[in-house]
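# Structural overview for review
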Amino acid sequence: MCSSDLVGEGVTVGDFQKFVELVLSQPGRLSNDQHTELNAAIEHLQAEANLGNLAAILRCQVALRFDDYSGARTCVNELTKSAPNDPQTVSLQWALAIHDKDKANAQRLLERGREVGIKPAGLARMEMATEQMESSRTLRLVLIGLAVLALGWGLYKLAGRRLFAGRRSAAT
């Protein structure tokens, strides 16, 4: 499906939603044109009546996919007010906590996700990402510690050679 198919007769809300989901699922970086097309599709959905939070959810997903965290925060705040117990709202809040490297909030939102009914596959991905957040932090600290130790050892050896060289020249 391409965006030009969305202007014909008989196009449903589901067609717009599927279009957005298909574009977002593509691997790699998406183009600015795709961003524009996605926003146009969401604007069209926004104009439809009785769609609930669908347009806001899709807008948040697009913002996150394009690393627009300011835009994501705006629509997540909107969803938090209008649908605080919606599993997708909690999932999007969690995604922002992960981006902010706020492990405590990510873990809290993971538990909240269980309460509001996020599907097991989604919870498993959330758990894995939350755990990786800690392991990457631990790995960074270990690498920094090793670098400091290596630097200290190198300085110790350098100072020892200079001291030893100074004693040897003084003895001759």
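Conventions used here
Residues numbered from 1 in each chain as written. Predicted model: local features only at pLDDT ≥ 70, side-chain atom pairs only at ≥ 80, totals over all residues. Heavy atoms only, no water. Patch = residues over 30% accessible without salt bridge, like charges linked within 9 Å, V, L, I, M, F, W, Y side chains within 5 Å. Areas by Shrake-Rupley, 256 points an atom, 1.4 Å probe, with all protein chains shown as cover. Salt bridge = Lys/Arg side-chain N within 4 Å of Asp/Glu carboxyl O. Helix = DSSP H or I, 4+ residues; strand = E, 2+ residues; numbered from the N terminus. Buried < 20%, exposed > 50% of the residue type's maximum accessible area, 1.4 Å probe, protein only. Disulfide = S-S within 2.5 Å.

As a further point, take a nonpolar patch on the surface. The grouping of Leu143, Leu146 and Leu149 at the surface amounts to a nonpolar patch, some 320 Å² of accessible area in total. Along the polypeptide, Leu143 turns up in helix H7 (residues 120-171). A relative accessible area of 48% places Leu143 in the partly exposed class.

The next subject is the state of the cysteines. With the rule as written, the count across this model stands at one disulfide. Between Cys60 and Cys75 runs a disulfide, and the two sulfur atoms are separated by 2.1 Å. Residue Cys60 is found in helix H3 (residues 54-65), and its partner Cys75 is found in helix H4 (residues 69-82); the two are separated by 15 residues along the sequence. The class of Cys60 is buried, set by a relative accessible area of 0%.

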